[in-house]
Amino acid sequence: MTIGEALERLQTSDFRARFHLGPKERAYVEEKGLPVIREHARDFVRTRLAPADIPNDGKQTPMRGHPVFIAQHACACCCRGCLQKWYHIPQGVALTEAQQEGIVNLMMAWIRRDMASRR
C-alpha cells in the first residue's frame, strides 16, 4: 500500500480521522522544522515501537504533547497491536530499518498534510 492509499484508508476510521495538530503542535513544527520533526519521529519509532518486546505496548504513545505522538495515533502507528491490525506487521518481531523508515515516512506525510490543510 502506498502512503497516499494508507492516508486515505485511515480517513475511513472515525477514530483515526479525528486527530489533528493543535496550535501548540503546529507552532512546534513551524519552529523546529520538518527535518527535526523527522529525527524525533525516527527516535520515537526506534525506541518505542521497533523492539520485539515492548512491556507497555498499547500505552507507550501519549495522545498529545508532540506532533509525532498525534501522527502516530492518526496513522495507527502508536503500538504494535495497531501496526498488526492496520498493516499486518506481526507483533513479537523487531521492526526492520526499512519498516521503521516506512512508518516515519507515513507519519511525516500525515504531518505535512495536516499542516497544509489547516492554514
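Overview of the structure. Each chain has its residues counted from 1, following the order in which its sequence is written. Only residues with pLDDT of 70 or above have their local features reported here, since the model is predicted, and side-chain atom pairs are shown and tallied only from 80 upward, although totals for entire chains, interfaces and linings are computed over all residues. Heavy atoms throughout the structure, all of them, feed into the side-chain values; hydrogens and water do not.

Focus: the overall build of the protein chain
Moving on, step 1. Summing up its helical and strand segments, the protein chain has seven helices and zero strands in all.
Moving on, step 2. Note that the radius of gyration is over C-alpha atoms, with the globule rule given as 2.2 Å times the number of residues to the power 0.38. The C-alpha atoms of the protein chain give a radius of gyration of 13 Å, which matches the 14 Å a tight globule of 119 residues would have.
Moving on, step 3. In terms of principal-axis extent, the alpha carbons of the protein chain reach across some 40 × 30 × 25 Å.
Moving on, step 4. A burial count over the protein chain gives 45% of its 119 residues as buried.
Moving on, step 5. Taking the average location of the 18 positive side-chain charges in the protein chain and that of its 13 negative ones, the two points are 4 Å from each other. Each helix corresponds to a stretch of at least 4 residues labelled H or I by DSSP, and each strand to a stretch of at least 2 residues labelled E; elements are numbered beginning at the N terminus. Here's how the labels work: a residue is buried when its accessible area is under 20% of the maximum for its type, exposed when over 50%, partly exposed in between, all with a 1.4 Å probe on protein chains only. Positive: Lys, Arg. Negative: Asp, Glu. His and the chain ends are not part of the count. Where a charge sits is defined by one atom per residue type, namely NZ (Lys), CZ (Arg), CG (Asp) or CD (Glu).

A closer look at the nonpolar core
Moving on, step 1. One finds Cys77, Tyr87, Met107, Trp110 and Ile111 to be the most contacted residues of the largest nonpolar core, which totals 37 residues.
Moving on, step 2. Taken together, the elements giving at least two residues each to this core come down to α1 (3–10), α4 (34–49), α5 (67–74), α6 (80–87) and α7 (97–117).
Moving on, step 3. Broken down by element, the residue count for this core peaks at nine residues, all from α7. The nonpolar core is taken to be a set of buried Ala, Val, Leu, Ile, Met, Phe, Trp, Tyr and Cys residues, with the residues joined through side-chain atoms within 4.5 Å.

What about the packing of aromatic side chains?
Moving on, step 1. When two rings of Phe, Tyr or Trp (its six-membered ring) have centres within 6.5 Å they constitute a pair, described as stacked for plane angles under 30 degrees, edge-to-face for angles over 60, and tilted for the intermediate range. Evaluated as defined, the whole model comprises two aromatic pairs.
Moving on, step 2. Pairing Phe15 with Phe19 gives two aromatic rings, centres 5.2 Å apart and planes at 85°, and the pair type is edge-to-face.
Moving on, step 3. Directly above the ring of Phe19 sits Arg18, whose terminal nitrogen or CZ lies 5.4 Å from the centroid.
Moving on, step 4. Should the NZ of a Lys or the CZ of an Arg lie within 6 Å of a ring centre and within 35 degrees of the ring normal, that charge is described as sitting over the ring. A cation over an aromatic ring shows up here: Arg48 above the ring of Phe44, its NZ or CZ 5.3 Å from the ring centre.

Considerations on the packing of α5 against α7
Moving on, step 1. Running from N to C, α5 and α7 point in directions that differ by 105°, and their axes come no closer than 9 Å. Of the possible angle classes, the one that applies to α5 and α7 is roughly perpendicular. Taken together, the residues of α7 that come into contact with α5 (itself represented by Pro67, Val68, Ile70, Ala71, Gln72 and Ala74) are Met107, Trp110 and Ile111.
Moving on, step 2. As a working rule, the residues Ala, Val, Leu, Ile, Met, Phe, Trp, Tyr, Cys and Pro are called nonpolar, Asp, Glu, Lys and Arg charged, and the rest polar, with Gly in that last group. Residue classes in the contact of α5 with α7 are distributed as eight nonpolar, one polar and no charged. For every element, the axis is a line fit to its C-alpha atoms; helices are fit only across the contacting stretch, and the angle between N-to-C directions ranges from 0 to 180 degrees. Just so you know how the angles are binned, under 35 degrees is roughly parallel, over 145 roughly antiparallel, 65 to 115 roughly perpendicular, and the rest oblique. Should any heavy atoms of two residues lie within 4.5 Å, those residues are considered in contact.

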